[in-house]
Amino acid sequence: MLARTIAKQVAYGRIAIGAGLLVKPDLVTGRWIGPVTETPGGRVLAVAFGARDLAVGVGAAYALHSGRSARPW
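Below, the structure is looked at part by part. These numbers come from a predicted model, not from an experiment.

Some points on the overall build of the protein
The secondary structure content of the protein amounts to three helices and zero strands. Secondary structure elements of the protein, listed N to C terminal, follow the sequence α-α-α. For the protein, the spread of C-alpha atoms along the three principal axes comes to 40 × 20 × 15 Å. Relative to all contacts within the protein whose residues are 6 or more apart in sequence, the contacts with residues 24 or more apart total 57%.

Re the side chain of Thr37
Along the polypeptide, Thr37 turns up in the loop between helix H2 (25–33) and helix H3 (40–65). On the basis of relative accessible area, Thr37 is assigned to the buried category, the value being 2%. Residue contacts for Thr37: discarding those within four places in its chain leaves Pro25, Asp26, Thr29, Gly30, Gly42 and Arg43.

Here we look at the pattern of salt bridges
With the rule as written, the count across this model stands at two salt bridges. The partner of Arg14 in a salt bridge is Asp53, and the shortest N-O contact between them spans 2.7 Å. In this pair, Arg14 is assigned in helix H1 (residues 3–23) and Asp53 in helix H3, connecting sequence segments 39 residues apart. The exposure class of Asp53 is buried, given its relative accessible area of 9%. Asp53 is paired through a salt bridge with Arg52; the nearest N and O atoms lie 3.1 Å apart. Residues joined in a network through salt bridges with shared partners are Arg14, Arg52 and Asp53.

Here's the deal with H1
Between its terminal C-alpha atoms H1 stretches 30 Å, which fits the 30 Å expected from 21 residues at 1.5 Å a residue. Among the residues making up H1, those that are buried are Ala11, Gly18 and Leu21. Around the axis of H1, the buried residues are gathered within 95° of arc, so they sit on the same side. Residues of H1 that are buried make contact with H2 and H3.

Rules of the game
Residues numbered from 1 in each chain as written. Predicted model: local features only at pLDDT ≥ 70, side-chain atom pairs only at ≥ 80, totals over all residues. Heavy atoms only, no water. Helix = DSSP H or I, 4+ residues; strand = E, 2+ residues; numbered from the N terminus. Contact = heavy atoms within 4.5 Å. Buried < 20%, exposed > 50% of the residue type's maximum accessible area, 1.4 Å probe, protein only. Salt bridge = Lys/Arg side-chain N within 4 Å of Asp/Glu carboxyl O. Expected span 1.5 Å × (residues − 1). Arc of directions from axis to C-beta.

In structure tokens:
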């Protein structure tokens, strides 16, 4: 498998995880951080990670599809 193909799959995975964390943060992080998920701080943590993963995934996918280097992402 080509490195670019693997990089695209990783980017798509980050998009999916980021979107999941933004839409349903407690569902995704319940087993990860435990009861802290129900607190406002736990939700902020989940949403922040979700936004970061979504941005990195979209940036990398865009770079790879446009033929540019994904190294900055």
